[in-house]
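Descriptive analysis of the structure
Listed below, chain by chain, are the residues.
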Amino acid sequence: MIFTRNSYPEIISLHIPKTAGTSFRNILKSIYGEDQVVWLDMETNGVIRLNEKIYKEKKLPNVKVVHGHFVYESLLKNFTLPDKYTLITWVRDPVKRVISNFYYLETRLKELLDEERNNLNIISKLQRTLIEYARAEINRNRQVKFLSGSKLEDYDFVGIYEFYESEITRLSTILKLEIVPEIIHHNKTPERNSHLSDDLLNEIRELNMEDVLLYEKALKIRQDKLKE
């Protein structure tokens, strides 16, 4: 699936939430230029946005990189893709990804509501805990859901979040480019695992067993690639 001729986009980068997507997008922009990397967001309600604007075309734009939140299966249904392109995604330890996503959303909600200044008390009234969030079907096995319609073997590069810098080096070889890793700090959620009980962590793992198996397979693929 590696790009070999003048068709666009050259790279399709599927960003699963909380897998260093913003930092990776910045790297792509530094290589290909701001105007050659677009953000594609395909929402579950069918709304499609390109760089935060409604997008109704049936063809992806003539840019080098399309990066964003979308289910691969939905991408195939909504767009005619080029014959050749490099397909990229990143995965992360499922338990840590769920925890990071929960606290990220909690922080964003606080920022948007600005409760103290607006004299509100909405967040405390919601009383949604981490485990309540994790138990909701919509929040379970999200990595598998994003990759629906594809297999890990379909990807030219599956990056592992936990090995971010060395993975960027590995990607450099695949793309035949010199890429300088960016330290992950964009949208980074502080680690809050230390106070969580083993029972809670184990339950989150069990709730995301499909993602666990996917992650373990990705680790094996990485190990096999490193041995080549």
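Structural data are supplied above this passage.
Read on for an overview of the structure. (Residues numbered from 1 in each chain as written. Predicted model: local features only at pLDDT ≥ 70, side-chain atom pairs only at ≥ 80, totals over all residues. Heavy atoms only, no water.)

Describing the packing of aromatic side chains
In this structure the tally under the stated criterion is seven aromatic pairs. Relative to Phe79, the ring of Tyr55 has its centre 6.1 Å away and its plane inclined at 35°; by these criteria the two rings are tilted. With Tyr55 in the loop between strand 4 (53-54) and strand 5 (65-68) and Phe79 in the loop between helix 2 (72-78) and strand 6 (86-91), this pair connects stretches of sequence that are 24 residues apart. The class for Phe79 is buried, based on a relative accessible area of 5%. (Phe/Tyr/Trp six-rings, centres within 6.5 Å; stacked < 30°, edge-to-face > 60°. Helix = DSSP H or I, 4+ residues; strand = E, 2+ residues; numbered from the N terminus. Buried < 20%, exposed > 50% of the residue type's maximum accessible area, 1.4 Å probe, protein only.)

Some points on the nonpolar core
One recurring pattern in soluble globular proteins is that nonpolar side chains are buried together. By size, the foremost hydrophobic cluster in this structure holds 29 residues, and its most contacted members are Leu40, Leu75 and Phe79. Those elements giving two or more residues to this core turn out to be strand 1 (11-14), strand 2 (37-42), strand 3 (48-50), helix 2, strand 6, strand 7 (157-160) and helix 10 (209-227). Dropping the residues within four chain positions of it, Leu40 is found in contact with Ile48, Arg49, Leu50, Leu60, Val66, His67, Gly68, His69, Phe70, Leu75 and Phe79. Of all hydrophobic cores here, the second largest spans 17 residues; its members include Ile11, Ile27, Trp90 and Ile168. (Core = buried A, V, L, I, M, F, W, Y, C linked by side-chain atoms within 4.5 Å. Contact = heavy atoms within 4.5 Å.)

Quick word on the pattern of salt bridges
When their charged atoms lie close together, side chains carrying opposite charge are able to pair. A full pass over the atoms with the stated rule returns 11 salt bridges. One salt bridge in this structure joins Glu34 and Lys29, with 3.6 Å as the shortest N-O distance. Linking Glu167 and Arg222 is a salt bridge whose minimum nitrogen-to-oxygen distance equals 2.9 Å. With Glu167 in helix 8 (residues 164-175) and Arg222 in helix 10, this pair connects stretches of sequence that are 55 residues apart. (Salt bridge = Lys/Arg side-chain N within 4 Å of Asp/Glu carboxyl O.)

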